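Spelled out from the first residue to the last, the chains are:
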Amino acid sequence: MSENKDQKFVYDFTEGNKDLKDLLGGKGANLAEMTNLGLPVPPGFTITTEACKVYLESGAEPAALRDEVSSHLDALERKMGKKLGQADDPLLVSVRSGAKFSMPGMMDTVLNIGLSDASVEGLAQQSGDERFAWDSYRRLIQMFGKTVLGVDGELFEEALEEAKHAKGVTVDTDLAADDLKALVERFKGIVADEAGRAFPQDPREQMDLAIKAVFDSWNGDRAKLYRRQERIPHDLGTAVNVCSMVFGNLGPDSGTGVAFTRDPATGHQGVYGDYLQNAQGEDVVAGIRNTVPLADLESIDKTSYDQLMGIMETLENHYKDLCDIEFTIERGQLWMLQTRVGKRTAAAAFRIATQLVDQGLIDEAEALQRVNGAQLAQLMFPRFDEDTQVEKVARGIAASPGAAVGKAVFDSYTAVKWSRSGEKVILIRRETNPDDLDGMIAAEGILTSRGGKTSHAAVVARGMGKTCVCGAEELEVDTKRRRMTVPGGRVVEEGDVVSIDGSTGKVYLGEVPVVPSPVVEYFEGRMHAGADDADELVQAVHRIMAYADRVRRLRVRANADNAEDASRARRFGAQGIGLCRTEHMFLGDRRQYVERLILADTDAERDEALKALLPLQKQDFVELFESMDGLPVTVRLLDPPLHEFLPDITELSVRVALAEARKEPHENELRLLQAVHRLHEQNPMLGLRGVRLGLVIPGLFTMQVRAIAEAAAQRVEAKGDPRAEIMIPLVGTVQELELVRDEAEQVIAEVQAETGVELKLALGTMIELPRAAVTAGQIAECAEFFSFGTNDLTQTVWGFSRDDVEASFFTAYLEKGIFGVSPFETIDKDGVGALVRSAAEAGRATRPDIKLGVCGEHGGDPESVHFFHEVGLDYVSCSPFRIPVARLEAGRAAARSSDSDSR
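The rules behind the values
- Residues numbered from 1 in each chain as written.
- Predicted model: local features only at pLDDT ≥ 70, side-chain atom pairs only at ≥ 80, totals over all residues.
- Heavy atoms only, no water.
- Phe/Tyr/Trp six-rings, centres within 6.5 Å; stacked < 30°, edge-to-face > 60°.
- Helix = DSSP H or I, 4+ residues; strand = E, 2+ residues; numbered from the N terminus.
- Buried < 20%, exposed > 50% of the residue type's maximum accessible area, 1.4 Å probe, protein only.
- Lys NZ or Arg CZ within 6 Å of the ring centre and 35° of its normal.
- Patch = residues over 30% accessible without salt bridge, like charges linked within 9 Å, V, L, I, M, F, W, Y side chains within 5 Å.
- Areas by Shrake-Rupley, 256 points an atom, 1.4 Å probe, with all protein chains shown as cover.
- Salt bridge = Lys/Arg side-chain N within 4 Å of Asp/Glu carboxyl O.
- Polar contact = N/O pair within 3.5 Å; in protein donor to acceptor, adjacent residues only side chain to side chain.
- Contact = heavy atoms within 4.5 Å.
- Axes fitted to C-alpha atoms, helices over the stretch in contact; angles between N-to-C directions.
- Left-handed = near helix turned anticlockwise from the far one by under 90°.
- Nonpolar A, V, L, I, M, F, W, Y, C, P; charged D, E, K, R; others polar.

Trainee: Honestly, the packing of aromatic side chains in this entry has me stumped. Any pointers?
Mentor: Note on aromatic pairs: each is described by the distance of the centres and the angle between the planes. Within this structure, the stated rule accounts for 24 aromatic pairs. An angle of 15° between the planes, with centres 6.2 Å apart, marks the rings of Phe 621 and Phe 625 as stacked. Taken together, the residues span about one helical turn, with Phe 621 and Phe 625 both in helix α23 (residues 603-627) at a distance of 4 residues. Residue classification places Phe 621 among the buried residues on the basis of a relative accessible area of 0%. Consider the rings of Phe 800 and Phe 810, whose centres lie 5.4 Å apart with planes at 70°: the pair is edge-to-face. With Phe 800 in the loop between α31 (790-798) and α32 (802-808) and Phe 810 in helix α33 (residues 810-815), this pair connects stretches of sequence that are 10 residues apart. Each member of the pair, Phe 800 as well as Phe 810, is classed as buried. One aromatic cluster is present, formed by Trp 798, Phe 800, Phe 809, Phe 810, Tyr 813, Phe 819 and Phe 824 through successive ring pairs. Note that Lys 8 overlies the ring of Tyr 11, its terminal NZ or CZ placed 4.8 Å from the centroid.

Written as structure tokens, this is what we have:
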């Protein structure tokens, strides 16, 4: 973006507020908000995301930025009564990233900026604690070296471990001042050797380089990967927060912690968080030292604890949501370093939303916006059978719920490699760090022997909806030897199967069987939300779903091909069937009849084959109409190419060759092989299929229409209420539809005359070809409904063969940012979506009462459902399991639209 000479790039914490996240990032906006609330926030200032965007696009910081930073630094120094890095009593600052959306651990932070060989002595004298000063200095060199100068962080960790080993201690707090002085020299040597320059002694140079490093970290590999995973736009940039340092590593009366106003794993109210005495903030998040529960702070420092509880209540009431808080206590003085609306598990999201309604903090409409379809889908996954006989070997902290089973792996590279080859894996580490993100995404679940609910592993796993167990201290994890030792001395090698339960923290050896989720049991009617034994979570889901159903405009149908699936879909809340694929009725034992149809040499043979199929098709429809009595059932006539009903060409060729060699009869196999060759097409998905089959093979579609009509008549005679809709697939021109419709209407009239039953059968088409979408106004003259087949429409708009492209280059397209998400997963609004929108408008212009729906996989995708609501479709159709998700998202779309209209 171009730089505006009058643009302001730096804001003091006293100048912003929580609504300026686009400009100040989430961290900066919330620091400003806490400052406005009068909470104890260390003074500082924020460099805007706009400055970052200028830097990323031009490769240089805005011309005015240095002077603005200098002005705000001068003001900060005056406020604090000390200069940055001065030799006696130096002002020290932190430089932290802070994007609009939380990206925990994905970008860079540097603490203790301003320390140097000269000022470390001043800090020691001012604090009266020589050890603290040198510990702060070694932390600066370590963080600065890794973050700003690109030195391998393992080199610093190895040097620290060697220092502890030489001293005969296991934790860094047992290192004395002289040990830390030696370690500082070692660290400076590592910087000089690896970075090719000395560690900078000028405090302003330190700060300027750190600011630039934070800007650069926006485009770091792990940040880009995280944004792709979480669908965060790549053009937002990050703000930079420069904050005066407060110290939690000044002794036992100091410390640092992370707190949640409610349990982010369950949503239950209480005191949740972690605290670590004599430590700086990164120690808690990194999980390097095991923390104590936040409740223990009451006995350690009751004054600070009581103050913190009051602040937590203030923040939750102010933000009207679960808040995630970082704080430091410096010699008994509490300081607030960050707050944000906290990431939470799916179960916690539903519970918290309803709790806040009950407390009067939000209304039902807002509660609906606090949850989403992806979270609901998570709650529907199976869980472990608690009565399992599989051996439990440890129990850690239940950091992110779910039931995960996989082979043990001990590094991110192996997790990714094995996952790509089809293996399910559990990533096991002592603790994770941002560099493990690849492996965390690839794994079914994450298990660590260190850290708590606020560690890196826990926070990232919850954000991704990934199962996680942290702090399983009974486990000895040896990443170098790729093994884990469990209590009793048993060794788990890489490749051994383990199971982890993120809801209980239990760790098992072997595969644990699963049972249905209580949420699924609720949707299937096996558990009632009002029952005494109903889970609190089920009650929360019930309340939110009930509201979503009340406000949504979009109806939700199911893709179902048999009575069993239809019945389940109806229990899940389906309001009809949007896609019954009749080709699935021709498989199994019925394949022989299709083979006869294909091999028919005469009209009589073809008619005989169709006559054999008719009663089978009719009975299928009778059962389907009975399951969906009173609701619409859209039946798609035969769509796929006929060769799909024949044996594989290679298999047939082998059978024919063997029969000829053995001089065995093989006339039928030979005829089938000849048919396979005859029907072979270079690109069968664009060949003889759909409406083209009905026009080329006499009697095929009329047989199906008769089966539908006779089944409907039988249900009417049985006092049922069948509402069949006949859908013609792959129409590209209105003339195709007119021909099929004429034949269908003639058959329906014949059935009415034969049965004496008046039938109301709607006829419509799928819009799955670009030409059909472009000529939708003409097609609507002959169609009573459109159903957008977005799977094929996506293929034909993009020119993709889905079976080929997803395996060949989609991964590269996603990594290069060409796709934010696969267009087969979420509707491509600009391309495919534009055709859906224009076709819907053209169809309604021709036929105002035309019914519009979608039956592709996008019908169950949360983001796509919002788009279909926006363009005015009447319904979406999806697989039975996705119906609750679509219902929820249809409600969210309606509530969001209503909220926008009222503004």
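Trainee: In this structure, what is going on with a nonpolar patch on the surface? I would like to understand it.
Mentor: Together, Leu 695, Val 696 and Leu 739 make up an exposed nonpolar region whose accessible area comes to about 270 Å². Structurally, the position occupied by Val 696 is in helix α26 (residues 691-696). When its relative accessible area of 53% is taken as the criterion, Val 696 is described as exposed.

Trainee: What's the story with the side chain of Arg 429 in this structure? I'm lost.
Mentor: Among the structural elements, Arg 429 can be located in strand β15 (residues 425-429). Here the side chain of Arg 429 touches Phe 410 through a polar contact of 2.8 Å, landing on its backbone oxygen. The residues touching Arg 429, leaving out its near neighbours within four places in the chain, are Phe 410, Asp 411, Asp 436, Leu 447, Thr 448, Ser 449, Val 477 and Thr 479.

Trainee: Sorry, what's going on with the pattern of salt bridges here?
Mentor: Two side chains carrying opposite charge are able to pair once their charged atoms lie near each other. According to the stated counting rule, one finds 64 salt bridges in the structure shown. Ionic pairing is found between Lys 407 and Glu 423, a salt bridge with its closest N-O pair at 3.3 Å. With Lys 407 in strand β14 (residues 403-409) and Glu 423 in the loop between α16 (412-420) and β15, the pair connects residues that are 16 residues apart, well separated along the chain. Looking at Glu 423, the relative accessible area reads 32%, which means it is partly exposed. A salt bridge links Lys 829 to Glu 863; the shortest N-O distance between them is 3.9 Å. Placement of Lys 829 in the loop between α33 and α34 (832-846) and of Glu 863 in helix α35 (residues 862-870) is noted, with a sequence separation of 34 residues between them. Taking relative accessible area as the criterion, Glu 863 reaches 33% and is therefore assigned partly exposed. When salt bridges that share partners are traced, they join Arg 131, Asp 135, Arg 138, Arg 139 and Asp 172 into one network.

Trainee: Mind showing me how you'd approach the packing of α31 against α34 here?
Mentor: To describe two helices that pack against each other, one gives the angle between their axes and the distance between the axes. Two elements in contact, α31 and α34, have axes whose closest approach is 9 Å; the angle formed by their N-to-C orientations is 115°. The handedness of the crossing between α31 and α34 comes out as right-handed. Across the interface between the two elements, Leu 793, Thr 794, Val 797 and Trp 798 from α31 touch Val 832, Leu 835 and Val 836 from α34. Here the contact of α31 with α34 is composed, by residue class, of 6 nonpolar, 1 polar and no charged.

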